[in-house]
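# Structural overview for review
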Number of protein chains: 4
Amino acid sequence: MARIQVGVIGLGRMGAVHARHLAGSVAGARLVAVADVDPKRLALAEELGVKGYVEFRDMIASPDVEAIVVAGPTDQREAMLEAAIESGKPIFCEKPLAQTLDAVYRIKAAVEKRGAFLQLGFMRRFDPGYAAARKKIEEGAIGEVVGVYSMTRDPHLPPYDYIASSGGIFADLAIHDFDILRFLTGDEVASVYAIGGVYKYDRLHEYGDVDNAFCTLRFSRGAMGLVHGSRNAVYGYDVRAEVYGTEGSLRIGYDRETPLLVLDQRGASHDYVPYFFERFQNAYRLELEAFVDAVRRGAPPPVGVDDGEKALAIAVAAQRSLESGQPVPLDPGGVLRGEAT
Amino acid sequence: MARIQVGVIGLGRMGAVHARHLAGSVAGARLVAVADVDPKRLALAEELGVKGYVEFRDMIASPDVEAIVVAGPTDQREAMLEAAIESGKPIFCEKPLAQTLDAVYRIKAAVEKRGAFLQLGFMRRFDPGYAAARKKIEEGAIGEVVGVYSMTRDPHLPPYDYIASSGGIFADLAIHDFDILRFLTGDEVASVYAIGGVYKYDRLHEYGDVDNAFCTLRFSRGAMGLVHGSRNAVYGYDVRAEVYGTEGSLRIGYDRETPLLVLDQRGASHDYVPYFFERFQNAYRLELEAFVDAVRRGAPPPVGVDDGEKALAIAVAAQRSLESGQPVPLDPGGVLRGEAT
Amino acid sequence: MARIQVGVIGLGRMGAVHARHLAGSVAGARLVAVADVDPKRLALAEELGVKGYVEFRDMIASPDVEAIVVAGPTDQREAMLEAAIESGKPIFCEKPLAQTLDAVYRIKAAVEKRGAFLQLGFMRRFDPGYAAARKKIEEGAIGEVVGVYSMTRDPHLPPYDYIASSGGIFADLAIHDFDILRFLTGDEVASVYAIGGVYKYDRLHEYGDVDNAFCTLRFSRGAMGLVHGSRNAVYGYDVRAEVYGTEGSLRIGYDRETPLLVLDQRGASHDYVPYFFERFQNAYRLELEAFVDAVRRGAPPPVGVDDGEKALAIAVAAQRSLESGQPVPLDPGGVLRGEAT
Amino acid sequence: MARIQVGVIGLGRMGAVHARHLAGSVAGARLVAVADVDPKRLALAEELGVKGYVEFRDMIASPDVEAIVVAGPTDQREAMLEAAIESGKPIFCEKPLAQTLDAVYRIKAAVEKRGAFLQLGFMRRFDPGYAAARKKIEEGAIGEVVGVYSMTRDPHLPPYDYIASSGGIFADLAIHDFDILRFLTGDEVASVYAIGGVYKYDRLHEYGDVDNAFCTLRFSRGAMGLVHGSRNAVYGYDVRAEVYGTEGSLRIGYDRETPLLVLDQRGASHDYVPYFFERFQNAYRLELEAFVDAVRRGAPPPVGVDDGEKALAIAVAAQRSLESGQPVPLDPGGVLRGEAT
C-alpha cells in the first residue's frame, strides 16, 4: 500500500515534533513538505530533505501533499483549517481547535459541509497508559466507574502574553483533563462545580485568570470526577489520572524521567518528568499513526471535532462556575447549546 | 518518673489493640485493668496479667487506675465518657466522640465544666507519614498550601446494622479525612460541596446512605480540598493524601503490605495493605505515647474535643450539600453554630 | 490452653524488644520474669510488671518460668545456654549461637544429650516478605531456582571493641544472608568463593577484618548465589534478596521508612529504613509466636541448632576463601567436618 | 554547519532502527542511503525517501555517503568493516565487533593502519540512566566504588542456529554488562570467577553453552563486581545495575513498560519492559547523535575498538573460568595478550 504524503503547517515546537516523526518513524506516511512564515524554521525542510514553503496555502495546494498537519499558532489556526478543509485533504490538527465555542461551531460547520476528515490532537488518548486503561475499563476489569481523577500540573507559568490569549486555565490547560475523562468513562459531563484562585503568580489577577483550580464533575451516568489544573508544579510535569470502579482501580502516570535512583545520606531520590514532550513523546507518534491508519482505511477520525467541542464546553462551564460559585449544568450530550463564550 | 497506671474500657478490636500496646510497648504507661461486659473478652485480662472488670464504673472508681481509655461501642460512649469525665482522671477516647453535634456539645460542656483532660483518637495525626508531612508544611518546604487531597477507601461495607447507626459515610468514614486535612493545613473549612451515590450496594438506599462520595472543600485561607470516601476498594485499604503547595508537593501513603514483588508471565505484582490496623499499627501506639506524655507534662491534649466537633461539623455540612446539591458554608472557625443534626 | 510463662535473660536492645513483645503482643505467652546483671536495665521489670533477677541462674530455676529467652552478650551466651539446656525448659536463643564452630559443636552436643528444645533467632525467616517468598517457591511459582541474591548492608560500623570479638564480617553480619538463602532454596551450599576488602574504615586492617565482601555460592542442586555484606550503607539499612527461577523471580525488601514522598525543585525523595529493628520489628514478634506455638504443640523448633551450625560453616568457608583466593568446597550436607575455626 | 550524509548497511532489526533515527531525529545527520541484499528490506529506502543498494560496496563508494553505519549480520561484519575502513569514511558499528579476539585484533590493526574513526554500538553507555550514574560517580557522589552489579536477563532463548554461532552467553549477552561495568567504574577487570549452568533449555548442552551464569569480577583498583546473564526471564527484559560506594549507592533501571497500575482483588500489578528495543530506544538515538557530534568535532569515537577488545577479553576469561572452576586473571589493562579464543 502506498504511503500517504504529508505536509506540516507550522514549525513551532509541536510542528517540528510532528515533522520529525513523519520523516522517520510513522509507518505508512512520508513527509514531503513543511510550511512556516519564519525562514529560520524552514532549515528543518533541508535537514529532513523535504520541500519548504513560506506560504502555507501553496503547500496545501501542492499535488504532492496528500494530507495536512495543522500546527500553526492558535490564533491563526482557524484560517489554516479553513484552507485545509476547503482542499478536501485529510487534516490532523493540534489542539485546541479554537479558543471559543463560536469558532468551534464555525469549524464544525465547515467540516460537515465539506465532509472533511479532521482529527484533533488530544494525544493523551494515544499514550499507552491511558489507552490501556480504557481497554481495561471496556473489558469490565474494574466494574462500574465510580470516580475519576485527572490532574495537569504544569511546571511553570507560560509567558503573560500567552496567558492573555489563552482562554484561561480551563480552556488552555485543563481541557486535556476534560477530554481524557470523557475518553476514559465513555460518558458525558452533566454538571461542573469549580473553585480556584491565584496562589503564586499575583499578576494573573490582571488577566482575570487563576493559577490553580479544582473542578468537580458529575457524569450523566452518575460517575464523579475531579480535575486539578495547576501552573506551578516546581518539581516537574505532573500529569496523572485514576479511574476508580466498583471492582478495582486504575492509576495512570509515571513520575521518573531518568532510570536512576540515588541513595545517599539524604535518603533516596530521583528526578521527575520535566515536561509534556518527555511524558508524551510516544503518544505524539502514535496519534499520527492512528491518523494515517484511519485515512488509509477510510475510517472516521479517532478524535473528532465533536470531541473538541465537548471538552471546550466543559471548560466554559467550569469558568462560569468559578465565577458564580454555583454548580453549572450542561445539556444532555455534554454540550452548551445556544450560547457562546 | 512513675509510670501512669491505665485502665481500658471496651475490649472490642480497638480496645484490645490499645490494651496490648499499653501492656508491652507504650513508654511511661502500665496497663493495670480492663473492663468489658462480655466475660469472654475478659480473658485478655488474664493473658496480660491485669485486673478485669465487668462493670466499667468499678474500674473507673478503682484507685489503681490513674487514666482511662474509652473504647466501648459508639452508642454507649457518651455514658462511659460521662462517668470518666466525672472522675477527673485523664481520658483517651476512641473516635468518634459521638455521632451527633448535639451529643458532642453535651460532652464538650461536661469537659469544660470539670476541666477534664480528654484526648480524641484521630490516630492518623500520629502516623509517621502524616506527622512528617505536617512538619514539612510548617517548615515551609512546599510554600503556601494550594490543594489537599485525602481519601479513605475501605475494602468492604460494614454490616448493615452498623450502617444503620453509623451516622452516614461522612460522619463515620470521611471524618478521618476532614480531621487530617484540618491538621495538615492548620486551617478551618469555610464551605463544602458534596456529591455521591450508591454505586455498588443497592440496599444502602434503605438506610439513606451512599457508598461513595466526593467532597470539595474550600478552606478559610483559600486552599482547596478534595475528600473521597468509599466503601468498596476491593483491592485493600486505600488511605492516601497529598498536599500540593506553591513550591512543591507531599504525597502520603503506602500500598504494599508484604515486602515481596512477584515477577512472572503476568508481569509484576504485589499485595495491598489489607485494612486499618495494618496501616496504622504504629499510629495506634504513638497516639497513646502522646497521651501519656501530655498527661505527665500537664500539657493540653494534642487532639481535643474541639477537633471532634469541627470534623463532625464538616461531615454534617457535607451531608446537607449532598442532599441539597448546593455548596454549604460553615461559620468562621469551621463550626456549625445554632444547629444540630 | 494456658499461656506459657516466659523469662528473658539479657535486657540489651534485643532482649528488651523480646520482653516487650512477650508482655503485650505474643499470643499464647506471658512474660513473668527478666534477668540482667545491670540494675538500671532491671527498671524494665517494674515497667512491665514482672519479676526481675540479677542472677540469670535464679530466673532459670524459678518454677514460674516455663520457657527461656537467651539474649545476653555473645561471649556469655554459651554459659547461659548451658544452664538453660540443663534445666530442660524450652529455649529461644538470639543469634548467633556462638562465634566458633567448636562452641557450636559443644552446644549441639548438650542439646542432643538433654533432648532440649532450642530455637535460634534467625528472624528473617519470619519476616512476611521472606516467608511469603519461600511459600511461593515451594508452590512452584517461579519454577526451579536458578540464582539467589541476599545483601546485608549495615548503615555504619559497630564499635571496634565489638569488631574485635565479632568473628569477622561473615560470621557476624553475612550469617543472616547465609541462613536465609538456605531457607529460601531449601538447599545446602556446596562451595564458596569470596572476595572483599577494606574500602572505608582503614583501622579494620588492625583487626584482620574487611568492611565489604562478595561471596559467590554454589548450592548442591546447582543454584548459584551471591551475598554482599557491607558495613557502610550511609543511606540506611539495606537488606534485600532476590530469588530468580526458570519461570519467574521474587524480589524481597522495602526501602522507605516513612510513607511520605517529597516533591520539590530537586525532584522526588524519600527516607530509607534506618536500621534492623525498624525493618524486622514484625519478624521479632512473629518468631516468638512461632516459638510459643511449637512448644505448645510439641513440635520441633522451626530454626534449630543445625541451622546455626550450617550458616556458620558457610561463614567459615567464606573466610578461608577470602584468605586463599580460591573457591572452598563444603562437605555434603553443607557442613565443615573435622575442623574448627 | 552542514549535516553529515549517512548510509546504513544491513536493514535487519537494528539497522532499520538506525535508519529511521537518522531519517527523522538525529540532529546533524541526514540519511541518504541504505544497503541490504534482501530486496524486500529495501522497501524501507522508498519509505524513507533515500537511495537503496543491494551491494553494500557500491553504497560505501558513493560520494553522497559521508559516514557509514555497519549493522549487517555478525558473520559478515568483518568484511563490511574491512571495506568501510578502507574507504576512510567514519564508521558506526553495531556490537559485537566480532566474536573472536583474533578477529578483533585484525580489525584493530586495520583501524590503526588506516587511522579510521570507528565507534562501537555499546548503547547502554548512552542510556540516560547509565550516563547519569557515571556522571554522579565522577562527581564523587557515592565516594569510592566498592561493588558493582549488572544483570542482563533476556526474556527468552534466541533460535538454536543463532546460539550455534553466538560465541556463548558471555561473548553474546553478558558482554554488555562487562562493557558497562568498565564504563561505570572507569577501571579494568583484573580477574574473573564464573559459575553457570543449564537450568531451563536442556538442548543447550549440545551447543556447549549455558542459559545462566554468575561472574564475580575483581577490578584493578579493588572494586568487586557481579554479572548475571540469563536467557529465561519469562516476565520481560530485566536489565539493571547498581553501583555501591563508600558514601552512597546508585540503582539504574526501570521495569514498567506501560504507565498503568492495576488494582483489583489480586492486589496491585503492572506489566514489564518487554525487550531491548523498548528499554533502550532513546539510547539507540543518542549513540548516533554522539557519533555525528564526534565526527563533526574531529574528536575520537566515544566507544572505540579497544572497548570492544576489552569487553570480549572479560568474556573469554569468564568462559575459561566456567570451564576450569578457578578464578582467571587478566593482564594489566584488562587484556588477554598472546592468546586467542
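Residue numbers restart at each chain and count upward from 1, following the sequence in its written direction. Lettering for chains starts from A, numbering for ligands starts from 1, and both go in the order in which the items are written. In keeping with the model being predicted, local features are shown solely for residues with a pLDDT of at least 70 and side-chain atom pairs are shown and tallied solely at 80 or more, while totals for entire chains, interfaces and linings include all residues. Heavy atoms throughout the structure, all of them, feed into the side-chain values; hydrogens and water do not.

### A few points about the overall build of chain A
- Helical segments are the DSSP runs of H or I of at least four residues, strand segments are the runs of E of at least two, and each set is numbered from the N terminus. In terms of helices and strands, chain A carries 10 helices and 15 strands.
- In this description the radius of gyration comes from C-alpha coordinates, and the expected globular size is given by 2.2 Å times residues to the power 0.38. Radius of gyration (C-alpha) of chain A: 20 Å, near the 20 Å computed for a compact globule of 341 residues.
- For chain A, the spread of C-alpha atoms along the three principal axes comes to 60 × 50 × 50 Å.
- Across the 341 residues that make up chain A, the buried fraction comes to 65%.
- Contacts between residues were defined by any pair of non-hydrogen atoms, one from each residue, lying within 4.5 Å. Nonlocal contacts in chain A, meaning residues at least 24 apart in sequence, comprise 70% of its contacts between residues at least 6 apart.
- Using the Shrake-Rupley algorithm and a 1.4 Å probe, accessible areas are obtained, with residue cover drawn only from the displayed protein chains. In the form shown here, chain A has an accessible surface area of approximately 12100 Å², with 50% of it arising from carbon and sulfur atoms. Buried residues are those whose accessible area, probed at 1.4 Å on protein chains only, stays under 20% of the maximum for their type, while exposed residues exceed 50% and partly exposed ones sit between those limits.

### Here's the deal with the relation of the copies chain A and chain B
- Each copy is superposed on the other by least squares, with the fit set by C-alpha atoms of residues at a pLDDT of at least 70 in both. When chain A is fitted to chain B, the best match, at an RMSD of 0.0 Å, comes from turning it 180 degrees and sliding it 0.0 Å along the axis. Here the two chains are linked by the operation of a two-fold rotation axis.
- Mapped onto chain B, 100% of the interface residues of chain A again fall at the interface, so both copies present the same surface.

### A closer look at helix α4 (residues 74–87) of chain D
All names here are of chain D.
- Helix span, as expected, comes to 1.5 Å for every residue beyond the first. With 14 residues, α4 extends 20 Å between its outermost C-alpha atoms, agreeing within 8% with the 20 Å of an ideal straight helix rising 1.5 Å per residue.
- Turning to α4, its buried residues are R77, M80, L81, A83, A84 and I85.
- As for α4, its buried residues are in contact with β1 (4–9), α3 (56–61), β4 (67–70), β5 (91–93), α5 (101–114) and β6 (118–120).
- Once α4 ends, the next one or two residues include G88, with phi positive near 80 degrees.

### Details of the domain arrangement of chain A
Residue and element names in this part refer to chain A.
- Domain boundaries shown here were taken from an automatic or database domain assignment. Each domain of chain A was delimited in the assignment, giving domain 1 (4–123 + 282–303) and domain 2 (124–274 + 306–329).
- The straight-line distance from the C-alpha centre of domain 1 to that of domain 2 is 26 Å.
- Facing the 18 residues of domain 1 at the interface are 20 residues of domain 2.
- Buried surface at the junction of domain 1 and domain 2, both sides included, amounts to about 1700 Å², of which 66% is carbon and sulfur.
- Simply put, the buried area is the total loss of 1.4 Å probe accessible area from both parts when two parts are fitted together. Of all residues in domain 1, Q99, F122 and M123 give up the largest surface area on contact with domain 2, accounting jointly for 37% of the area buried on that side.
- Two N or O atoms count as a polar contact when they lie within 3.5 Å, although within protein this holds only if one can serve as hydrogen donor and the other as acceptor, and sequence-adjacent residues are included solely when both atoms are side-chain atoms. The tally of links between domain 1 and domain 2 comes to nine residue pairs in polar contact (both at pLDDT 80 or more).
- Lys, Arg, Asp and Glu make up the charged group, whereas Ala, Val, Leu, Ile, Met, Phe, Trp, Tyr, Cys and Pro make up the nonpolar group; the residues left over, Gly among them, are polar. Here the residues of the side of domain 1 that touches domain 2 are counted per class, giving 12 nonpolar, three polar and three charged.

### Focus on the packing of aromatic side chains
- Classification of ring pairs rests on two measures: the distance between centres of Phe, Tyr or Trp rings, Trp counted by its six-membered ring, which must be within 6.5 Å, and the angle between planes, read as stacked under 30 degrees, edge-to-face over 60 and tilted in between. Under the criterion given, the structure shown has 38 aromatic pairs over all chains.
- What links up through ring pairs into an aromatic cluster is the set Y237(A), Y275(A), F276(A) and F280(A).
- One residue, R13(C), lies across the ring of F276(C), its end atom 5.2 Å from the ring centre.
- Residue placement shows R203(C) over the ring face of Y160(C); its charged tip is 4.2 Å from the ring centre. Two conditions define a charge located above a ring, namely a distance within 6 Å from the ring centre to NZ of Lys or CZ of Arg, and an angle within 35 degrees of the ring normal.

### Observations regarding the interface of chain A and chain B
- Contact residues are listed per partner, giving 44 residues for chain A and 44 residues for chain B.
- Carbon and sulfur atoms supply 58% of the area buried between chain A and chain B, which totals about 3400 Å² over both sides.
- Salt bridge criterion: a side-chain nitrogen from Lys or Arg within 4 Å of a carboxyl oxygen from Asp or Glu. Remark: the boundary between chain A and chain B carries 10 salt bridges.
- Seen at the junction of chain A and chain B, the total is 32 residue pairs in polar contact (both at pLDDT 80 or more).
- For the side of chain A that touches chain B, the elements supplying multiple residues, two or more each, are β7 (145–153), β8 (189–197), β9 (212–219), β10 (224–230), β11 (238–245) and β12 (248–252) of chain A.
- With seven residues, β7(A) is the single largest residue contributor to the side of chain A that touches chain B.
- Here the residues of the side of chain A that touches chain B sort into 20 nonpolar, 15 polar and nine charged.

### Some words on the pattern of salt bridges
All names here are of chain C.
- With the rule as written, the count across this model stands at 120 salt bridges over all chains.
- Where R182 meets D307, a salt bridge forms, and the shortest distance between an N and an O atom there is 3.0 Å. Here R182 is found in helix α8 (residues 168–185), whereas its partner D307 is found in helix α10 (residues 305–324), with 125 residues between them in sequence.
- Look at R182 and you get buried, because its relative accessible area is 9%.
- Linking E206 and R203 is a salt bridge whose minimum nitrogen-to-oxygen distance equals 3.8 Å.
- By relative accessible area, R203 is classed as partly exposed at 41%.

### Side note on the environment of V146(B)
Residues and elements named next belong to chain B.
- Turning to its location among the elements, V146 is positioned in strand β7 (residues 145–153).
- On the basis of relative accessibility, which here comes to 0%, the residue V146 falls in the buried class.
- In sequence terms V146 and A223 are 77 residues apart; their C-alpha atoms lie 4.9 Å from each other.

### Structural notes on the sheet that holds strand β4 (residues 67–70) of chain B
All names here are of chain B.
- Here a strand pair is declared whenever DSSP counts at least two bridges between the two strands. The six strands are arranged β3-β2-β1-β4-β5-β6 in an open sheet whose pairing can be described as parallel. Strands with a single pairing partner mark the edges of an open sheet, and in this sheet they are β3 (51–53) and β6 (118–121). Averaged over all adjacent pairs, the angle separating strand axes in this sheet is 25 degrees, with direction ignored.
- In the sheet, strand β5 (residues 91–94) pairs with β6 via four bridges, with the strands oriented parallel. The partner of I91 across the bridge, within β6, is L118.
- Angles run from 0 to 180 degrees between N-to-C directions of axes, and those axes are lines fitted to C-alpha atoms, restricted for helices to the stretch in contact. Packing against the sheet, helix α1 (residues 13–24) makes contact with β1 (4–9), β2 (29–35), β4 and β5, and its axis sits at approximately 145 degrees to β2.

### A closer look at the side chain of S150(B)
All names here are of chain B.
- As for its placement among the helices and strands, S150 is situated in strand β7.
- On the basis of relative accessibility, which here comes to 2%, the residue S150 falls in the buried class.
- For S150, the contacting residues outside a window of four places in its chain are R124, D177, I180, L181, L226, V227, H228, R240 and A241.

### Examining the relation of the copies chain D and chain C
- Relative to chain C, chain D is turned by 180 degrees and slid 0.0 Å along the rotation axis, the superposed coordinates differing by an RMSD of 0.0 Å.
- Taken together, the interface assignments show that 100% of the residues at the interface of chain D recur at the interface of chain C, consistent with an identical surface on both copies.

### With respect to the interface of chain D and chain C
- Opposite the 44 residues of chain D that make contact, chain C presents 44 residues.
- Carbon and sulfur atoms make up 58% of the area that chain D and chain C hide from each other, which totals about 3400 Å².
- The tally of links between chain D and chain C comes to 10 salt bridges.
- Between D238(D) and R251(C) there is a salt bridge, and its shortest N-O distance comes to 3.2 Å.

### Description of the environment of V34(D)
Residue and element names in this part refer to chain D.
- Checked against the element boundaries, V34 lands in strand β2 (residues 29–35).
- Distance in space between the C-alpha atoms of V34 and E257 is 31 Å, their sequence separation being 223 residues.
- The contacts of V34, once residues within four sequence positions are left out, are V8, L11, A19, L42, A45, V50, K51, G52, Y53 and M59.

### Side note on the sheet that holds β2(D)
Residues and elements named next belong to chain D.
- With parallel pairing, six strands are arranged side by side in an open sheet as β3-β2-β1-β4-β5-β6. In the strand order of this sheet, the two ends are held by β3 (51–53) and β6, each with one partner. Between one strand axis and the next, the sheet turns by 25 degrees as a mean value, whatever way the strands run.
- Relative to β2, β1 runs parallel, the two being bridged by six bridges.

### Points about the side chain of R77(A)
Residue and element names in this part refer to chain A.
- Relative to the helices and strands, R77 is located in helix α4 (residues 74–87).
- Only four residue types enter the charge count, namely Lys and Arg as positive and Asp and Glu as negative; His and the chain termini do not. Although R77 lies buried, it forms no salt bridge, and the closest oppositely charged side chain, E94, sits 5.6 Å away as judged by the N-O distance.
- From its side chain, R77 meets the backbone oxygen of G72 in a polar contact 3.0 Å long.
- Contacts of R77, omitting those with residues within four sequence positions, involve V70, G72, C93, E94, K95, P96 and L97.

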